[in-house]
Amino acid sequence: MKLLPNEEQLLISKNKKMILTNHRVQMVESEWGQSSSITIFLEDISSIETKFKNDIWLLILAPLIILSGFFLGDFYIGEIATLAGITLGVLCLGIWWATRKRLISISSNGGSQLNFAPRGMDIDKINDLVQAILIAKQARVDQLHKV
């Protein structure tokens, strides 16, 4: 990322996908030969959200599989169906739990959202990152109002 005049880097993520400067926040991703980037100027940030993202269909599917295992076990096949239903249902719950990921979503005024998955960061580090972005935004807004 080339810096603008009077711009300096404040933070950079471990994987170098998210960069925070005193003027903007930028995310650059490259996946399967496709690259994309989103840049939001700090004064244009309208909200920052931390949330979990997961596949809810796995959470819905798990009890249905368990119940169908009990149903089939009682009426048709026997204990094997019940055991298979419980096993597959618990497996769906495990996959749901394992694929949950935390996201930081930065929204701009009427523009795109920057979604960043902070891998390997605990909640305290995520809160510190959000706080750093908010402090940089406040400093940028104060700077613009002085001019």
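Check the entry above for the structure.
The residue numbers shown here count from 1 along each chain, following its written sequence. Thresholds applied to this predicted model are a pLDDT of at least 70 for local features of residues and 80 or more for the giving and counting of side-chain atom pairs; totals over whole chains, interfaces and linings are not thresholded and use all residues. With hydrogens and water excluded, all non-hydrogen atoms of the structure serve as input to the side-chain values.

Asker: Before we go on, may I ask you to explain the sheet that holds strand 7 (residues 113-116) in this structure?
Answerer: Where strands meet in a sheet, backbone hydrogen bonds hold them as pairs that are either parallel or antiparallel. Ordered in space as 5-6-7, the three strands form an open sheet in which the pairing is antiparallel. The two strands at the open ends of the sheet, each matched to only one other strand, are strand 5 (45-53) and strand 7. Adjacent strand axes in the sheet meet at a mean angle of 20° when their direction is disregarded. With eight bridges connecting them, strand 5 and strand 6 (residues 101-108) associate as antiparallel partners. Considered in strand 6, the bridge of Ile48 is made with Ile106. Pairing between strands requires that DSSP locate at least two bridges from one strand to the other. Secondary structure elements are defined from DSSP: runs of H or I of at least 4 residues count as helices, runs of E of at least 2 residues count as strands, and each element is numbered from the N terminus. With axes taken as lines fitted to C-alpha atoms, and helix axes fitted only over the stretch in contact, angles between N-to-C directions fall between 0 and 180 degrees.

Asker: It is not clear to me how helix 2 (residues 79-99) should be interpreted in this structure. Could you clarify?
Answerer: For the α-helix, the turn length of 3.6 residues means that residues three or four positions removed from each other point alike. The span one expects for a helix is its residue count, reduced by one, times 1.5 Å. A rise of 1.5 Å per residue sets the reference length of helix 2, with its 21 residues, at 30 Å; its end C-alpha atoms lie 30 Å apart and thus fit the reference within 8%. Here the term buried applies to any residue with accessible area under 20% of the maximum for its type, exposed to any over 50%, and partly exposed to those in between, with areas from a 1.4 Å probe on protein chains only. Turning to helix 2, its buried residues number three or more, namely Ala81, Thr82, Gly85, Gly89, Cys92 and Trp96. Buried residues of helix 2, viewed axially, fall in a sector of 105°; they line one side. Facing away from the buried side of helix 2 by more than 90 degrees, the exposed set consists of Glu79, Ile80, Leu83, Trp97 and Ala98. Here the arc refers to the directions that run from the helix axis out to each C-beta atom.

Asker: Looking at this structure, I do not really get the nonpolar core. What am I missing?
Answerer: General note: in soluble globular proteins, nonpolar side chains tend to be found buried as a group. As used here, the term nonpolar core means buried Ala, Val, Leu, Ile, Met, Phe, Trp, Tyr and Cys residues forming a set that is joined through side-chain atoms within 4.5 Å. In this structure, Val25, Ile45, Ile106, Leu114 and Phe116 are the most contacted members of the largest nonpolar core, which totals 15 residues. Among the elements of the structure, strand 2 (18-21), strand 3 (24-31), strand 6, strand 7 and helix 3 (123-146) are those that each provide at least two residues to this core. Element by element, the count of residues in this core is highest for helix 3, at four residues. Ala62, Ile65, Cys92 and Trp96 belong to the second largest nonpolar core, which has five residues in total.

Asker: Just to check I follow, could you spell out the side chain of Ser13 for this structure?
Answerer: Secondary-structure assignment places Ser13 in the loop between strand 1 (9-12) and strand 2. Each polar contact in these results corresponds to two N or O atoms within 3.5 Å; when the atoms are within protein, one needs to be able to donate a hydrogen and the other to accept it, and residues that are neighboring in sequence are counted only if both atoms are side-chain atoms. Here Lys17 takes part through its backbone nitrogen, which lies 3.1 Å from a polar atom of the side chain of Ser13. Residues are treated as being in contact if the distance between any of their heavy atoms lies within 4.5 Å. Each residue touching Ser13, except ones within four places of it in the same chain, is listed here: Met18 and Phe116.

Asker: Explain a nonpolar patch on the surface to me, please; I cannot follow it from the model alone.
Answerer: Together, Ile56, Trp57, Leu59, Ile60, Leu61, Leu64 and Leu93 make up a nonpolar patch on the protein surface, roughly 640 Å² of accessible area in all. Here the nonpolar patch takes six residues from helix 1 (residues 56-75), the largest share from any one element. With respect to the helices, strands and loops of the structure, Ile60 is situated in helix 1. Here a patch means residues that are over 30% exposed by relative accessible area and free of salt bridges, tied together within 9 Å if like-charged and within 5 Å if nonpolar (Val, Leu, Ile, Met, Phe, Trp, Tyr). Working definition of accessibility: Shrake-Rupley area with a 1.4 Å probe, residue cover restricted to the visible protein chains. By definition, a salt bridge exists where a carboxyl oxygen of Asp or Glu is found within 4 Å of a side-chain nitrogen of Lys or Arg.

Asker: Is there a simple way to explain the pairing of strand 6 in this structure?
Answerer: Each regular strand carries side chains that alternate between the two faces of the sheet. Counted residue by residue, strand 6 has six buried out of eight residues, so it is predominantly covered. In terms of strand pairing, strand 6 meets strand 7 through four bridges, oriented antiparallel. Opposite Ser105, over in strand 7, you have Asn115 as the bridge partner.

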